[in-house]
Amino acid sequence: MSLNLIQILNQENFTRDEIIFLLNLQKEEEIKQLFVKADEIRKIYCGDEVHLRGVIEFSNYCDENCMYCGLRDDNFSISRYRMSPEEIIETAKLISNVGIKTVVLQSGEDGYFDTDMIAYVIYTIKQNSDVAVTLSLGDRGFEEYRNWKIAGADRYLLKHETANPRLYSIYHNGEHLDDRVGHLRYLKSLGYQIGSGNLIGLPSQTIPDLADDILLMHELGVNMAAVGPFIPSPFTPYQNRKHGSVELTLKTMAVTRILLKDVHIPATTALDSLDNFGREKGLNCGANVVMPNFTPHPYRENYTIYSNKRGINDDPELVHKSILNRIQSIGRKISHTRGDSPKLNINI
Ligand code: SF4
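The shown structure was predicted, so the numbers you read here are calculated from the model rather than taken from an experiment.

So, how was this worked out
- Residues numbered from 1 in each chain as written.
- Predicted model: local features only at pLDDT ≥ 70, side-chain atom pairs only at ≥ 80, totals over all residues.
- Heavy atoms only, no water.
- Axes fitted to C-alpha atoms, helices over the stretch in contact; angles between N-to-C directions.
- Helix = DSSP H or I, 4+ residues; strand = E, 2+ residues; numbered from the N terminus.
- Parallel < 35°, antiparallel > 145°, perpendicular 65-115°, else oblique.
- Left-handed = near helix turned anticlockwise from the far one by under 90°.
- Contact = heavy atoms within 4.5 Å.
- Buried < 20%, exposed > 50% of the residue type's maximum accessible area, 1.4 Å probe, protein only.
- Pairing = 2+ DSSP bridges.
- Nonpolar A, V, L, I, M, F, W, Y, C, P; charged D, E, K, R; others polar.

## Quick word on the packing of helix α3 (residues 28–46) against helix α10 (residues 246–260)
Move 1: In contact at an axis separation of 8 Å, α3 and α10 are set at 45° when each is read in the N-to-C sense. Classified by the angle between their axes, α3 and α10 sit oblique to one another. Viewed along their axes, α3 and α10 form a crossing whose handedness is left-handed. Counted together, Ile 31, Leu 34, Phe 35, Lys 37, Ala 38, Ile 41, Arg 42 and Cys 46 of α3 and Glu 247, Leu 250, Lys 251, Ala 254, Val 255, Arg 257 and Ile 258 of α10 form the full contact between these two elements.

Right under this line is the structure:
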């Protein structure tokens, strides 16, 4: 049976085959229809406001060895750093002072920052400013998640990377997708707004794998879906692989928006690193979030998950201003709220 694009785009739900069909669209006119539909759904469920999340990459130490990541423990080519709790707290104040209402604390899986240290940072940031705190610290202990929620954390971003269990184990040295999904479910049960996401263009990944990524995020009821391209990083096993396609990333973002509807979707820095207008394109294909990097010098140069990261050598406040201009240049507004998940309003 042949599938009809218009009919599918107007459905409430998609089957796996329909998602594969949409991701495989090749004709320019049809891809445009997909993007227009995603933009319409974004407008209905999220409005025209773009939510900003100020990111602090406070440690590039990591105990893990993910095959695709420049921060992997075995990469001896990068200078490792840890910001002090006071530096993190000061950077969070700076983010709040420029009017951004979400602080994202991001690091590799770094046990040096133990439960109490992270709890102290969260608690102090929340005391100082009226901001939401998102944690992006990788797989940590269940008891830690609980303590950090009590300390005031609002959200947790833990990308599943791929919903293919076999590939997940290959990329993550034998670890299991089920465990990652178990962490996401537990975080949700604690009351965190959860974010997950994938990488487009990882070695051996197929279009059906991407369909499963979207279906997994739908099933988990994520509050944020971060879809970004794989970009190879030097001194990693995948350093000579091709980066993911910008177009396929945009198609995946668009299908995610149409199916998941009331979810936050960022226009990622990785997308912007591959395409000079990556952020604008993302915002026109379903995205409603941008995450400016406020990691101070000299640290930001060394948070190299992938190579040629855009803005890595620039001044954080200049990057922020440039992002504001770019968002406004496409007719979108900057949100001045915390930008909590639209899903939360359902129960109010
Ligand atoms: S993806 Fe995360 S956990 Fe894996 S090596 Fe990179 S920073 Fe560490």
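## As for the environment of Leu 5
Move 1: Within the fold, Leu 5 resides in helix α1 (residues 5–9).
Move 2: On the basis of relative accessibility, which here comes to 8%, the residue Leu 5 falls in the buried class.
Move 3: Taking the C-alpha atoms as reference points, Leu 5 and Leu 248, separated by 243 residues in sequence, lie 17 Å from one another.
Move 4: Beyond its immediate chain neighbours, meaning those up to four positions away, Leu 5 contacts Phe 21, Leu 22, Leu 25, Glu 30 and Gln 33.

## A few points about unusual backbone geometry
Move 1: Here His 297 and Pro 298 are connected by a cis peptide whose omega angle stands at 0°.
Move 2: Position of Pro 298 among the secondary structure elements: in the loop between β8 (289–290) and α13 (316–329).
Move 3: Within the chain, Ser 204 stands out as a residue other than glycine whose phi angle is a positive 75°.
Move 4: Here Ser 204 is to be found in the loop between β6 (193–200) and α9 (207–220).
Move 5: For Asn 308, which is not a glycine, the phi torsion comes out positive at approximately 55°.
Move 6: Relative to the helices and strands, Asn 308 is located in the loop between β8 and α13.
Move 7: Look at Asn 308 and you get exposed, because its relative accessible area is 68%.

## What to know about the sheet that holds strand β7 (residues 224–229)
Move 1: With parallel pairing, the six strands of this open sheet are ordered in space as β2-β3-β4-β5-β6-β7. The open sheet is flanked by β2 (54–59) and β7, the only strands paired with a single partner. Between one strand axis and the next, the sheet turns through 20° on average, direction left out of account.
Move 2: As judged from the two bridges shared by strand β4 (residues 132–136) and strand β5 (residues 155–157), these two strands associate in the parallel manner. Counted as the bridge partner of Thr 134 is Arg 155 from β5.
Move 3: Across the sheet, helix α5 (residues 115–128) touches β2, β3 (102–107) and β4, and the angle it forms with β4 is around 155°.

## Considering the packing of helix α4 (residues 85–97) against α5
Move 1: One way to put it is that α4 packs onto α5 with a least axis distance of 10 Å and a crossing angle of 30°. In terms of axis orientation, α4 runs roughly parallel to α5. Judged by the sense of rotation from one axis to the other, the crossing of α4 with α5 is right-handed. Where α4 abuts α5, its residues Pro 85, Glu 86, Ile 88, Ile 89, Ala 92 and Lys 93 lie against Met 117, Tyr 120, Val 121, Thr 124, Ile 125 and Asn 128.
Move 2: For the contact of α4 with α5, the per-class residue count stands at eight nonpolar, two polar and two charged.

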